[in-house]
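Okay, here's what each chain looks like letter by letter:
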Amino acid sequence: MVNAGTYPLWQQLAVTEELPNEALPAVIEALCTTSRAFYGVDNRGEESRKQAFAAALPALLQRATKPALRRQLLAQADDKQLADLADQGLVTAADLPVILRTHRPTPGLVIGLARHPGQINDAIGLLAQLHDTDLERVVDDWNPHRYSFDAEPYPPVPPAFFDAVLEYALAPLARLLQDPARHERWQISEHASLGLPLEFGEGAGWRILATCPDRWHDLVRHPTLGTAVQHLLLDHAEVEARRTRLMESGGDSLARADGAPVERPEPAPALDSGLLRACLPALCLPEMVSLPKPSVTCRHRLSRIAKRVRYNPGLMEIAAEQLHAVADECVRRGRLLTLPRNPKDNRNKTITVAEDLARLSANPMHLAKACALLTTLDQPTVVSTPPSPRLSRITEGTDLDSPVRLLERNYQHRRVAALLAVTPPAPRSPRPSPRCTRSNSPGSATEATSPTGCTRPRPPSLRPTTARRCCGC
């Protein structure tokens, strides 16, 4: 047992160059032995021991050549110390068998090994044991000065090492796309409230792929990873570009000297026409064609395709016929325009399908059925919220209680927007209809009275301008 007060002395002795090699085992034994007292582990003494050990570890590793001594030192080191020592070259690939007995590989250790050209293959061998988030950290933490604006340029990631990291990050999505019928991860698409598997999200695969936009043209044609790259680019490239522009602008609006806003130039799309054409094989998600439960999977498929076209409008010009055909196929196979059994539970489904068809379909019959489904939903109504003294301090002087906000809170505005998108506006007649008399009074809602005697109040600013009767009676 070592006296806790003598650990600084052992540390000074360890870094002394005049220390004979015969005394090295005794010094290592003193610094690696847990500090104890009569009641057990001495916490304060253990803290002092760890500080002395961390300060003496580089010098001890330089002098410890016997495997037993190095094994004793490496077993006491923590993950951060091993990463720093690997970066300095004091821990090499020859020490990996000893390290992996007591430690799990970390991004810092992998980076430290990969900084030395002769150990890149050994670092690549550790990538299979890293989690997705750790793979992302391998690329992000490569430059230790990435947050310093005045730092000197740092050497980039070696191409062979970066390709290996990207391959391991994209491998889950590539395996998912090879055989969708047998992969269990596709079962998530069979749930109505869920969507596509998580591998399509903004995980490590996309985060690493986003760091190399100059290589996208080559990666989309990769023999094994090309399809996965195409899916990720269509889903996230333009979304990430818009998010980056918003963060860089900071929400500030430019203005001239006279106070008029300055028109910003239209930004270039994240995917040019060449990349969009290269991604066409993955545009319509052919992997989802043979999935079970087509009433659910076809809706998820149609929604994802519409989202891709929404963020990449150039797709409609390049592949209009393909998009129209896939939209019709999804409607027929999934029976997306059949009247739901419980309209209340399928309200969002009806609105989403109508919005997607308004963007993708050119079939007049399907659009007419979508419009008919929208008209079966409840009419947009404004329900005033009860007065509350607690909320009045927040809503006073704002539009939170306005009819438009109340409709948005109840999700009714999407129904009106979908109806306007699906149904073309009808030409207005200069004369009022003889079957319907409208009486407008200032400050009140417009009332429509039909021959049957039905009177339903409607806010004048929220009535859809479609070719329908005044109240649907």
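Everything here concerns the structure above.
Analysis parameters
- Residues numbered from 1 in each chain as written.
- Predicted model: local features only at pLDDT ≥ 70, side-chain atom pairs only at ≥ 80, totals over all residues.
- Heavy atoms only, no water.
- Helix = DSSP H or I, 4+ residues; strand = E, 2+ residues; numbered from the N terminus.
- Buried < 20%, exposed > 50% of the residue type's maximum accessible area, 1.4 Å probe, protein only.
- Contact = heavy atoms within 4.5 Å.
- Areas by Shrake-Rupley, 256 points an atom, 1.4 Å probe, with all protein chains shown as cover.
- 1 Å grid on protein atoms, 1.4 Å probe; cavity = no way out; pocket = protein on both sides within 12 Å on 5 of 7 lines; lining within 4 Å.
- Points joined across faces, edges and corners; volume = space filled by probe spheres on them.
- Nonpolar A, V, L, I, M, F, W, Y, C, P; charged D, E, K, R; others polar.
- Axes fitted to C-alpha atoms, helices over the stretch in contact; angles between N-to-C directions.
- Left-handed = near helix turned anticlockwise from the far one by under 90°.
- Expected span 1.5 Å × (residues − 1).
- Bend = angle between axes of the 7 residues up to and from the residue.
- Arc of directions from axis to C-beta.
- Salt bridge = Lys/Arg side-chain N within 4 Å of Asp/Glu carboxyl O.

Caption draft 1: Region of interest: the overall build of the protein. What the protein contains, in helices and strands, is 23 helices and five strands. Relative to its full complement of 473 residues, the protein shows a buried share of 39%. Here the contacts in the protein between residues at least 6 apart in sequence split such that 65% fall between residues at least 24 apart. Counting only carbon and sulfur atoms, one obtains 53% of the accessible surface of the protein, whose full area is about 27600 Å².

Caption draft 2: Representation of unusual backbone geometry in the model. Positive phi is not limited to glycine here, since Leu-285 has a value of about 50 degrees. Along the chain, the position of Leu-285 falls in the loop between helix H15 (280-283) and helix H16 (294-311). For Leu-285, a relative accessible area of 0% puts it in the buried group. For Arg-335, which is not glycine, the phi dihedral falls at a positive 50 degrees. Taking relative accessible area as the criterion, Arg-335 reaches 59% and is therefore assigned exposed.

Caption draft 3: Focus on empty space enclosed by the protein. This model, assessed by the stated rule, comprises one cavity of 30 Å³ or more. Approximately 60 Å³ is the volume found for the largest cavity. As for the largest cavity, its lining consists of Leu-336, Leu-337, Thr-338, Pro-340, Lys-349, Thr-350, Val-353, Ala-354, Ala-370 and Leu-373. Of all the elements in the fold, those that place two or more residues in the lining of the largest cavity are helix H19 (347-360) and helix H20 (364-375). At four residues, the largest contribution of residues to the lining of the largest cavity is made by H19. Within the lining of the largest cavity, the residues separate by chemical class into seven nonpolar, two polar and one charged.

Caption draft 4: Here's a closer look at the packing of helix H1 (residues 7-14) against helix H2 (residues 24-32). At a minimum axis separation of 10 Å, H1 and H2 run at an interaxial angle of 145 degrees. Crossing of H1 over H2 shows left-handed handedness. Counting all contacts with H1, which are made through Tyr-7, Trp-10, Gln-11, Leu-13 and Ala-14, the residues of H2 involved are Ala-26, Val-27, Ala-30 and Leu-31. Class assignment of the residues belonging to the contact of H1 with H2 gives a composition of eight nonpolar, one polar and no charged.

Caption draft 5: Spotlight on helix H3 (residues 43-63). With 21 residues, H3 extends 29 Å from end C-alpha to end C-alpha; this agrees with the ideal 30 Å at 1.5 Å per step. The largest bend in H3 amounts to roughly 50 degrees and is located at Leu-57, with the proline Pro-58 lying one to four residues further along. Of all the positions in H3, only Gly-45, Glu-46, Arg-49, Ala-52, Phe-53, Ala-56, Leu-57, Leu-60 and Leu-61 are classed as buried.

Caption draft 6: Looking closely at the layout of surface pockets. A volume near 410 Å³ is recorded for the second largest pocket. What lines the second largest pocket is a set of 19 residues, among which Ser-303, Arg-304, Lys-307, Thr-352 and Asp-356 lie closest to the centre. If you list the elements that add at least two residues to the lining of the second largest pocket, you get H16 and H19. The residue makeup of the lining of the second largest pocket, split by class, is five nonpolar, six polar and eight charged.

Caption draft 7: Representation of helix H4 (residues 67-76) within the structure. Buried within H4 are the following residues: Leu-69, Arg-70, Leu-73 and Leu-74. Down the axis of H4, the buried set is contained in an arc of 125 degrees. They therefore lie on one face. Buried residues belonging to H4 abut H2, H3, helix H5 (79-88) and helix H6 (96-102).

Caption draft 8: Geometry of the pattern of salt bridges. Under the criterion given, the structure shown has 16 salt bridges. For Arg-308, the salt bridge is made with Asp-235, and the minimal N-O distance between the two is 2.7 Å. Residue Arg-308 is found in helix H16, and its partner Asp-235 is found in helix H13 (residues 226-249); the two are separated by 73 residues along the sequence. One exposure class covers both Arg-308 and Asp-235, and it is buried. Here Arg-243 makes a salt bridge to Glu-240, at a shortest N to O gap of 2.6 Å. Here Arg-243 pairs with Glu-240, and both are found in helix H13, just three residues apart, close to one helical turn. Accessibility expressed as a relative area gives 32% for Arg-243, which makes it partly exposed.

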